[in-house]
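# Architecture at a glance
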Amino acid sequence: MQLETVNFGVVELDEKEIIYFPEGLPGFEENRKFALLGYDASLSSPFFFMQSVENPGLCFVVTDPFAIYANYEVNVDEEDVRLLEITDPNTVMTLAIVVIPENIREMRVNLKAPVIINIEKRLGKQIIQNDDSLPVRYYLCRD
Amino acid sequence: MMTVFLYDTICVVTEKSREYHNRSKEFASYKLRSDIVLVLSRKKGETVMIGHDIELTVLDIQGDQVRLGIKAPRSIAVHRKEIYEEIIKENQCAASSKEINISEIQNIARDKIHKNSGKNKGNRITVQKNN
């Protein structure tokens, strides 16, 4: 199918690649279908995009939280394991949503509510972590 | 067949009632809203049942702080409302990021990125860089 996007123009997308979010994302409950897009197929770039399939203008920059935060850990409770049909932890992909403000040096990453994706079943959910030490706004470029 | 509920250990949530006082006007309008089913007073140590498997206990009251104990099946996510609202706000900020220049982002963040721990697997679709 042809996926229309504001940022990347029209992208050719195999429908099997679409990730379904049964509950949408907090604040974007109506947007259930997303595709992961990147400039670099080799997976070497930790930044890529979660583009809404239904809304060409809705695109999140996402990153690999394990690559930016030492000892990052994610917990998924039983209910969400069921929702995402997770049977093997190796099929789980964890992403963190990035905010890029006008001053790009103030970019921040939401480590409190990572996006968890079952890459085999193509199911996803943004799951708020109970760990209070995880920041909602982790400023990547501040020391 | 017997239904067994797995209970988490009681988790303690400290809510600042100051914020609540600040929102007293808001509260007045809550009372008029149909989705507020019950407004009631509880003393320290007393409990409210929500449905048949959620217990809300007032553990302690000190000044303007109330400590609540929440006992619920593991399947129920318990979060402070502020956290959920904060996540919504942060998602909205993220969605309004414009003119994304990924190479600039990468340059700036380069020294902050560790080698991928290999915990993440998955594929993504490659798009052509336009410019």
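Residues numbered from 1 in each chain as written. Chains lettered and ligands numbered in written order. Predicted model: local features only at pLDDT ≥ 70, side-chain atom pairs only at ≥ 80, totals over all residues. Heavy atoms only, no water.

### So, the overall build of chain A
Applied cut-off: Every helix listed is a DSSP run of H or I at least four residues long, and every strand listed is a run of E at least two residues long, numbered separately from the N terminus. Throughout, radius of gyration means the C-alpha value; the globule benchmark is 2.2 Å times the number of residues raised to the power 0.38. Relative accessibility under 20% of the residue-type maximum defines a buried residue, over 50% an exposed one, and the middle range a partly exposed one, all with a 1.4 Å probe and only protein chains included. For the area figures, the Shrake-Rupley method with a 1.4 Å probe applies, and any residue is considered shielded solely by the protein chains shown. Charged-residue counts in this description rest on Lys and Arg as positive and Asp and Glu as negative, His and the chain ends being excluded. For this purpose, a charge sits on NZ of Lys, CZ of Arg, CG of Asp or CD of Glu.
Scanning chain A from terminus to terminus reveals two helices and 10 strands. Listed by position from the N terminus, the elements making up chain A come as β-β-β-β-β-β-α-α-β-β-β-β. The C-alpha atoms of chain A give 15 Å as radius of gyration, which agrees with the globular expectation for 143 residues (15 Å, within 12%). By principal-axis analysis of the C-alpha atoms, chain A measures approximately 40 × 40 × 30 Å. Counting across all 143 residues of chain A, residues that qualify as buried make up 55%. Surface exposure of chain A reaches about 6300 Å², of which carbon and sulfur atoms provide 43%. Side-chain charges of chain A comprise 12 positive and 24 negative groups, with the mean position of each set lying 3 Å from the other.

### Side note on the overall build of chain B
Counting its secondary structure elements, chain B contains four helices and five strands. Starting at the N terminus and walking to the C terminus, you meet the elements of chain B as β-α-α-β-β-β-α-α-β. Out of the 131 residues belonging to chain B, those deemed buried represent 24%. Just so you have it, chain B exposes about 9700 Å², and 53% of that area is on carbon and sulfur atoms.

### Details of the confidence of the model for chain B
Residues and elements named next belong to chain B. Note the following rule: On a scale of 0 to 100, pLDDT captures the predictor's confidence in every residue. Any two residues whose heavy atoms approach within 4.5 Å are treated as being in contact.
On average, chain B scores 69 in pLDDT, and the residues at 70 or more come to 54%. For chain B, per-element mean pLDDT is lowest for helix H1 (residues 17–22), which scores 42, and highest for helix H3 (residues 81–95), which scores 93. Across residues 1–32 the pLDDT falls below 50, and counting only partners more than four positions away or on other chains, this stretch makes 48 contacts in the model. Note on the complex model: pTM 0.74, ipTM 0.93.

### Description of the side chain of A:Lys112
To keep it simple, the criterion reads: Think of a polar contact as two N or O atoms within 3.5 Å of one another; within protein, one of them needs to be a possible hydrogen donor and the other a possible acceptor, and neighboring residues in sequence only count if both atoms come from side chains.
Position of A:Lys112 relative to the elements: it lies in strand E8 (residues 108–118). Look at A:Lys112 and you get buried, because its relative accessible area is 4%. A polar contact of 3.4 Å, which involves the side chain of A:Lys112, links it to the side chain of A:Asp132. If near-sequence neighbours (up to four positions away) are discounted, A:Lys112 is found in contact with A:Ile127, A:Ile128, A:Gln129, A:Asn130, A:Asp131, A:Asp132, A:Leu134, A:Pro135, A:Val136, B:Ile83 and B:Ile87.

### Digging into the environment of B:Ile87
Structurally, the position occupied by B:Ile87 is in helix H3. Residues B:Ile87 and B:Asp53 lie 34 residues apart in sequence; the distance between their C-alpha atoms is 27 Å. Excluding its chain neighbours within four sequence positions, the residues that come into contact with B:Ile87 are A:Pro26, A:Asn110, A:Lys112, A:Ala113, A:Gln126, A:Ile128 and A:Val136.

### Some details on the nonpolar core
General note: in soluble globular proteins, nonpolar side chains tend to be found buried as a group. Put simply, the test is: We define the nonpolar core as a collection of buried residues of types Ala, Val, Leu, Ile, Met, Phe, Trp, Tyr and Cys that are connected through side-chain atoms lying within 4.5 Å of one another.
Core analysis: the largest hydrophobic core is formed by 29 residues, its most contacted members being A:Phe47, A:Phe49, A:Val61, A:Ile100, A:Met107, A:Leu140 and B:Ile105. Where this core is concerned, the elements lending two or more residues are strand E4 (33–38), strand E5 (47–52), strand E6 (59–63), helix H1 (65–68), strand E7 (92–99) and E8 of chain A together with helix H4 (102–109) of chain B. For this core, the element with the most residues is H4(B), which contributes four residues. In this structure, A:Phe21, A:Phe34, A:Leu36 and A:Met93 belong to the second largest nonpolar core, which totals 20 residues.

### Side note on the pairing of strand E4 (residues 65–71) of chain B
Residues and elements named next belong to chain B. Worth spelling out the cut-off: Pairing between strands requires that DSSP locate at least two bridges from one strand to the other.
Across seven bridges, the pairing between strand E3 (residues 54–62) and E4 is antiparallel. Looking at the pairing, Glu55 lines up with Lys71 of E4. Counted between consecutive antiparallel strands, the loop separating E3 from E4 contains two residues, among which Gly63 sits at a positive phi close to 60°.

### A few points about the pairing of E5(A)
All names here are of chain A. The element E5 is largely enclosed, with a buried count of six among its six residues. Across four bridges, E4 lies against E5 in antiparallel orientation. The partner of Ala35 across the bridge, within E5, is Gln51. Two elements, E5 and E6, share five bridges in a ladder whose sense is antiparallel. Across the sheet, Met50 pairs through a bridge with Phe60, a residue of E6. The loop that links E5 with its antiparallel partner E6 comprises six residues.

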